[in-house]
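A closer look at the structure
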Amino acid sequence: MRASIDTELRARPDQGIGLVLQAGRTVGSCLAANVLTPIIDHIEGDLPEISLTADSLKTVFRRNRGLAKGGQTVDLDRTGENAGTLFVPGKGTIGISGENRLIVIERLVTAHNNGPAPMATADLTKGFGEQSLANIFNQPLWNKLKADFVRSPKSGQWEIAI
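The structure displayed is predicted, hence computed values, not measured ones. (Residues numbered from 1 in each chain as written. Predicted model: local features only at pLDDT ≥ 70, side-chain atom pairs only at ≥ 80, totals over all residues. Heavy atoms only, no water.)

1. As for the sheet that holds strand 5 (residues 83-88)
To be explicit about the condition: Only strands joined by at least two bridges in the DSSP assignment are considered to pair. Helix and strand definitions here come from DSSP, where helices need a minimum of 4 consecutive H or I residues and strands a minimum of 2 consecutive E residues; each element is numbered from the N-terminal end. Fitting a line to C-alpha atoms yields each axis, with helices limited to the stretch in contact; the angle taken between N-to-C directions then spans 0 to 180 degrees. Residues count as neighbours in contact if any of their non-hydrogen atoms are within 4.5 Å of one another.
An order of 4-5-6 is seen for the three strands of this open sheet, with the pairing classed as antiparallel. In the strand order of this sheet, the two ends are held by strand 4 (75-80) and strand 6 (92-97), each with one partner. Between one strand axis and the next, the sheet turns by 25° as a mean value, whatever way the strands run. As paired strands, strand 5 and strand 6 are joined by six bridges and run antiparallel to one another. Among the inter-strand pairings, Gly84 is bridged to a residue of strand 6, identified as Ile96. Relative to strand 4, helix 3 (residues 99-114) is tilted by about 155°, and along the sheet it contacts strand 4, strand 5 and strand 6.

Here's what the structure looks like:
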């Protein structure tokens, strides 16, 4: 049964990563390219009707989506209008907030997934005036990104650090 469901879910690769709620407790946190979780873990306490806890569903999804992607995909998951989470295999995740910041990170992720190819600083900051990357991100966040998530292979160029 599980093998047939796995096959059906893998036959829909254009659907993205999903969250599969299961009735029992099966070993594993993923099924095809989907996060797998027991529904019982997300039911709110003593309510007269069954109600799921959105926060616990979000937490399990965020914690296991990298594995569901195969563990090797660089991705920016937008979690709101001006917020997202950057996932870099082997590096972990980091929350990013602010539209300009998200645009810069999206440009880096797209370049990585299509190349990989370093991007010129001017291309990353295009449309933001004369702002530097340190100004766009603010120095503490930019330092964290440089320490763990992005690197400069040569002066004036940036790429995702894999």
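From this point, the narrative continues.
2. Thoughts on the side chain of His42
Counted only if it meets this: Exposed residues in this analysis have more than 50% of their type's maximum accessible area, buried residues have under 20%, and partly exposed residues fall in between, with area computed by a 1.4 Å probe over protein chains only. Polar contact criterion, stated in full: a pair of N or O atoms within 3.5 Å, where within protein one must be able to donate a hydrogen and the other to accept it, and residues adjacent in sequence count only if both atoms are side-chain atoms.
Note that His42 resides in the loop between strand 3 (34-38) and helix 2 (54-68). Since its relative accessible area comes to 4%, His42 is described here as buried. Separated by 2.7 Å, the side chains of His42 and Thr37 make a polar contact. Once residues within four sequence positions are removed from consideration, His42 is found in contact with Thr37, Ser51, Leu52, Thr53, Ser56, Leu57 and Val60.

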